[in-house]
Structures are given as C-alpha cells and as structure tokens.
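Residue-level listing of the chains:
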Amino acid sequence: MLIHPWDAPRDDTEWQRWLADHDFGQLAVNGLPGEPPHVQPLHFAYDPEHAVVVTHLARPNPLWPALEADPEVVLSVVDDYVYVPGPWQAAPDVPPEHGTPTSFYAAVQLRCRAQVVDDPAEKAALLNRQVDHFQPRGGSARAAAGEAPYGRMLAGIRGLRLEVRDVRAKFKYADHRTDEVRERIAAGLAARGGPGDAKARDHLLRRQRA
C-alpha cells in the first residue's frame, strides 16, 4: 500500500481509534507453493494494549494448511471510502473538467504472526472475548468447554490469535490540496449525501483542522 506523507496518520492514536470502530476485515494468508493467497473475510477483536487480534474460523476452512505452513499474515481493513469526481478536485486556476477523479478511503493493515488455538478451554475464552467486544450488553450465554449451549460446537471451529508485528495505516482525504479545494470537496460530499459521504467528509474536515 502506497502511503504518501500527507496521507499518513498523525499518530498511532488516529488509526487505533479508527480500528476500534472497524472490526471487520480480510485476513490474507500466503498460499501453498503454486497456489494463490487465501483471503478470508471475518469479524475480529483487537486489543491495542497487548497488540493482539483474536478471531475464529470454521474447522473445514481451506486456509488452515497454508496458515500452518506460513503463519505470517496480513489483516486488512478498508472503509469510509467514496469516489470523488474530477471537477471537485480541480485547482482554482484550471477548468473544472481538468480536475483529477480519485478515491478517498481509510485503511489499516496489520502484519501479524498467527497462532492457531485448538484447546477447548482456550477457544471458549477466545470466543467470549469476541462476544464481549460485539455484545457489551450481554444477551448470550458464555461459552465453556463441555457445557451447554456452545460446548459441543467448539469442535467445529479453530481459534486464531494474531500477534501484531507491524502496522501500516492510511487516511486518504485530500490533505495535500488547498483549503479552497478541500472546502469544495466537503461541500460536494455534503450535497451528494451518498453512502460513505458523511464519514469521508468528517475525516476530511477533521484532518484539515489538525
């Protein structure tokens, strides 16, 4: 992922706060020799204090042999993306039709070393951590090895603990443009009101203020 200096996060807090609200991504696993990479969509829970991600997948998932052969993986999360028409980006001294269309988006890539979790008690604890993240108000029974209602289901999954080794983050929201152009883009996003436009506009204005 190319990260220009103007698209880099201001500090670690920026991408950590964003990732706390974006907990669905794609896990990329190197394929076995002669095979393409595996790319698995999944929910996950990230613990910034310990730099660990926890998740789980079904035992029949075809990526397990590749993951065990090479545990170095990338968890990629992309969201808050929009298409920006060329005229919105045109410099003040050129015709609108000469503006360059582009995309805005936020992205975080976590390079991790994966550890497979097969012990039933450890899998239950991992699942409970995920549920606590997604259902902080409760409402579901706790998972426990050998106990209803989920104990018998634990054999059908494998847990994953991902130790984060490196982070690459990008917030592509016209930071290198002039204030006049950014204000024009913000007005265009507000007027269009399409999917993702409000969040993209918030990022643009937030980074402009910073």
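All of these numbers come straight from a predicted model, not from anything done at the bench. Throughout this document, residue positions are counted from 1 along each chain, in the order its sequence is written. Per-residue local features are limited, in this predicted model, to residues with pLDDT of at least 70; the limit for side-chain atom pairs, both in listing and counting, is 80 or more; totals at the level of whole chains, interfaces and linings are taken over all residues. To get the side-chain values, all heavy atoms of the structure are used, and hydrogens and water are removed first.

Colleague: Looking at this structure, I do not really get the overall build of the chain. What am I missing?
Modeller: If you tally the helices and strands in the chain, you get six helices and seven strands. Numbering goes from the N terminus for both helices and strands, where a helix is a DSSP run of H or I of at least four residues and a strand is a run of E of at least two. Secondary structure elements of the chain occur, N-terminal to C-terminal, as α-β-β-β-β-α-β-α-β-α-β-α-α. For the chain, the spread of C-alpha atoms along the three principal axes comes to 70 × 45 × 30 Å. By the convention used here, residues are in contact when the closest approach between their heavy atoms is within 4.5 Å. Of the contacts formed within the chain by residues at least 6 apart in sequence, a portion of 75% connects residues at least 24 apart. With residues, only the protein chains shown are counted as cover, and all accessible areas are computed by Shrake-Rupley using a 1.4 Å probe. Summing over all exposed atoms, the chain offers an accessible surface of approximately 11,600 Å²; the carbon and sulfur share of this is 53%. Positive charges come from Lys and Arg alone, negative charges from Asp and Glu alone, with His and the N- and C-terminal ends not counted. Note on charges: their place is set at NZ of Lys, CZ of Arg, CG of Asp or CD of Glu. Each charge class in the chain can be summarised by its mean position, and for the 25 positive and 29 negative side chains these summaries are 1 Å apart.

Colleague: Got a minute to help me understand the sheet that holds strand S7 (residues 157-172) in this structure?
Modeller: Sheet strands pair by backbone hydrogen bonding; their relative direction is either parallel or antiparallel. The criterion for strand pairing is that DSSP finds at least two bridges linking the strands in question. Spatial ordering of the open sheet is given by S2-S1-S5-S6-S7-S4-S3, a layout of seven strands whose pairing is antiparallel. Edge positions in the sheet fall to strand S2 (38-43) and strand S3 (45-47), since each of these pairs with one other strand and no more. Between one strand and the next, the sheet's axes are offset by a mean angle of 35°, whatever the strand orientation. One ladder, built from six bridges, connects strand S1 (residues 24-29) with S2; its direction is antiparallel. Its bridge partner being in S2, Phe24 is matched across the sheet by His43. To get an axis, fit a line to the C-alpha atoms, keeping to the stretch in contact for a helix; angles then go from 0 to 180 degrees between the N-to-C directions.

Colleague: What exactly am I supposed to notice about the pattern of salt bridges here?
Modeller: Take a side-chain nitrogen of Lys or Arg and a carboxyl oxygen of Asp or Glu: if they are within 4 Å of each other, that pair is a salt bridge. Applying the stated criterion across every chain yields a total of 13 salt bridges. For the salt bridge of Arg158 with Glu68, the shortest nitrogen-to-oxygen distance reads 3.0 Å. You can see Arg158 sitting in strand S7 and its partner Glu68 sitting in helix H2 (residues 64-69), a full 90 residues away along the chain. Burial classification: accessible surface area is computed with a 1.4 Å probe over protein chains only, and a residue below 20% of its type maximum counts as buried, one above 50% as exposed, and the rest as partly exposed. Residue classification places Arg158 among the buried residues on the basis of a relative accessible area of 11%. Its relative accessible area of 48% is what places Glu68 among the partly exposed residues. A salt bridge links Arg192 to Asp197; the nearest nitrogen and oxygen atoms lie 2.8 Å apart.

Colleague: Just to check I follow, could you spell out the packing of aromatic side chains for this structure?
Modeller: Any aromatic ring pair is given by two values, namely how distant the centres are and how the planes are angled relative to each other. Each pair of aromatic rings taken from Phe, Tyr and Trp, with Trp reduced to its six-membered ring, is defined by centres within 6.5 Å and is described as stacked if the planes are under 30 degrees apart, edge-to-face if over 60, and tilted in the remaining cases. The final tally for this structure, using the stated rule, is three aromatic pairs. The interplanar angle of 85° and the centroid separation of 6.3 Å between the aromatic rings of Trp18 and Phe171 together place this pair among those described as edge-to-face. Highlighted residues: Trp18 in helix H1 (residues 12-20) and Phe171 in strand S7, separated in sequence by 153 residues. Pair check on accessibility: Trp18 and Phe171 agree, each one buried. Between the NZ or CZ atom of Arg158 and the centre of the ring of Trp64, over which it lies, the distance is 4.8 Å. By the criterion adopted, a ring carries a charge over it if an Arg CZ or a Lys NZ lies within 6 Å of its centre and within 35 degrees of its normal. Taking the ring centre of Phe171 as reference, the NZ or CZ of Arg206 above it sits at 5.7 Å.

Colleague: I keep staring at the pairing of S1 and nothing clicks. Help me out?
Modeller: On a regular strand, one side chain projects to one face of the sheet and the next to the other, so that they alternate. For S1 and strand S5 (residues 72-84), the ladder comprises four bridges, and the chain directions are antiparallel. Bridge pairing links Val29 to Val73 in S5.

Colleague: Explanation requested: the side chain of Lys123 in the structure shown.
Modeller: With respect to the helices and strands, Lys123 occurs in helix H4 (residues 120-134). The side chain of Lys123 is buried and forms no salt bridge, while Asp118, the nearest opposite charge, is found at 4.8 Å. What qualifies as a polar contact is a pair of N or O atoms within 3.5 Å, subject to a donor-acceptor requirement within protein and to the restriction that residues adjacent in sequence count only when both atoms come from side chains. There is a polar contact of 2.5 Å between the side chain of Lys123 and the backbone oxygen of Leu154.

Colleague: It is not clear to me how the side chain of Gln130 should be interpreted in this structure. Could you clarify?
Modeller: When you line up the elements, Gln130 lands in helix H4. A distance of 2.7 Å separates polar atoms of two side chains, one belonging to Gln130 and the other to His56. Contact partners of Gln130, with chain neighbours within four places excluded, come to His43, Phe44, Ala45, Val54, Thr55 and His56.

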